[in-house]
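Coordinates in review
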Amino acid sequence: MPNATMNDMCSKLSQFLLPFLLCISLNTSGQTSSSIPADFIETNIPKVRSSEWYSLNNSSNEFSVKIINKKLHIRKVSEVNHCEFKLTNGSLMGTDQGEWGGKLTFKPLLSTKDPIEIKKGNIKFLFSLKDKIYFIEGIAHGSINEGSLFELLNTEGKFSYQKILDFDDAPEAFSMSDDTLFIATHQNFYIVKDFKKHLIFEKTFWQSLYPNSIAVLNDRNVFLGIRGGIVKLDLTAKTMKFYKKR
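To keep things clear, this report deals only with the structure shown in the data block.

About the cut-offs
- Residues numbered from 1 in each chain as written.
- Predicted model: local features only at pLDDT ≥ 70, side-chain atom pairs only at ≥ 80, totals over all residues.
- Heavy atoms only, no water.
- Buried < 20%, exposed > 50% of the residue type's maximum accessible area, 1.4 Å probe, protein only.
- Helix = DSSP H or I, 4+ residues; strand = E, 2+ residues; numbered from the N terminus.
- Pairing = 2+ DSSP bridges.
- Contact = heavy atoms within 4.5 Å.
- Core = buried A, V, L, I, M, F, W, Y, C linked by side-chain atoms within 4.5 Å.

Another point: the pairing of strand β18 (residues 229–234). Along β18, five of the six residues are buried, which leaves the element largely enclosed by surrounding structure. Bridge count between strand β17 (residues 221–226) and β18: five bridges; the pairing is antiparallel. The residue bridging Leu-224 from the neighbouring strand is Val-231, located in β18. Bridge analysis of β18 against strand β19 (residues 239–245) gives five bridges, and the strand direction is antiparallel. Looking at β19, one finds that Leu-233 is bridged to Met-240. Following β18, the chain reverses through four residues before pairing antiparallel with β19; Lys-238 in that reversal takes a positive phi of roughly 55°.

Here you go:
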């Protein structure tokens, strides 16, 4: 009889604890590193040139995204029109002045030497991959909407470059993870692996909303900072969600 009583107690205890443990499990699983901060709320994706879209286009808020310790961080930023890549003997400097142009320049470490202009163009990004240096340029102004990826060459102290691939419109945000390039252009989204371009999203709503940053957690959690909010991309399902600040 005592054993039966003990079994009954265990059964009742398990019935009580199971929902409780399940609740804990569900709550814990909800606290993922891909969680959107509480001050951002999911909003319907606006149609290009709708009143909601124009409101975003005229917004003074530019939000950037970044993964820090496997968690998404969002902050306001201002426009950046230059990039830099340090070398042992100096720095590569890229500028982007929109319709007024830009250039890629090498600035020697020794102040007695003059800077060397390598290429004219709107230089967006400078980065290294497998011990080689690359740069991305692009412009979206008026009827012009284009961009390209180049490899920078340095032979016997002389700089040159070669084009690797073209984009269908101007690159605006860039990130790299595990040798894969993630590129948000004026209205599209690409991944580039082994220098093969793959179009993931085409003619998106962020046209003229100026993507400024990409944060990659995994293929199902890729975040894009734009004017007026942030976008969450699922590259596997090829879906997107838009979030605005409350």
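Tracing the chain through its elements places Glu-62 in the loop between α2 (51–57) and β2 (63–68). For Glu-62, a relative accessible area of 14% translates into the label buried. The contact partners of Glu-62, leaving out residues within four places of it in the chain, are Arg-75, Lys-76, Val-77, Tyr-210, Asn-212, Ile-226 and Arg-227.

Next up on the list: the nonpolar core. Judged by nonpolar contacts, the single largest core of 20 residues is most densely connected at Phe-189, Trp-206 and Ile-214. Of all elements in the fold, only α2, β13 (180–185), β15 (196–201), β16 (213–218), β17 and β18 reach the threshold of two or more residues within this core. Per-element tally for this core: the top contributor is β17, with three residues. If sequence neighbours within four positions are ignored, Trp-206 has contacts with Thr-185, His-186, Gln-187, Asn-188, Phe-189, Pro-211, Leu-224, Ile-226, Val-231, Leu-233 and Met-240. Core analysis: the next-biggest nonpolar cluster, separate from the first, contains 13 residues, Phe-125, Leu-129, Phe-174 and Leu-181 among them.

No statement about biological role is implied by the geometric values presented.
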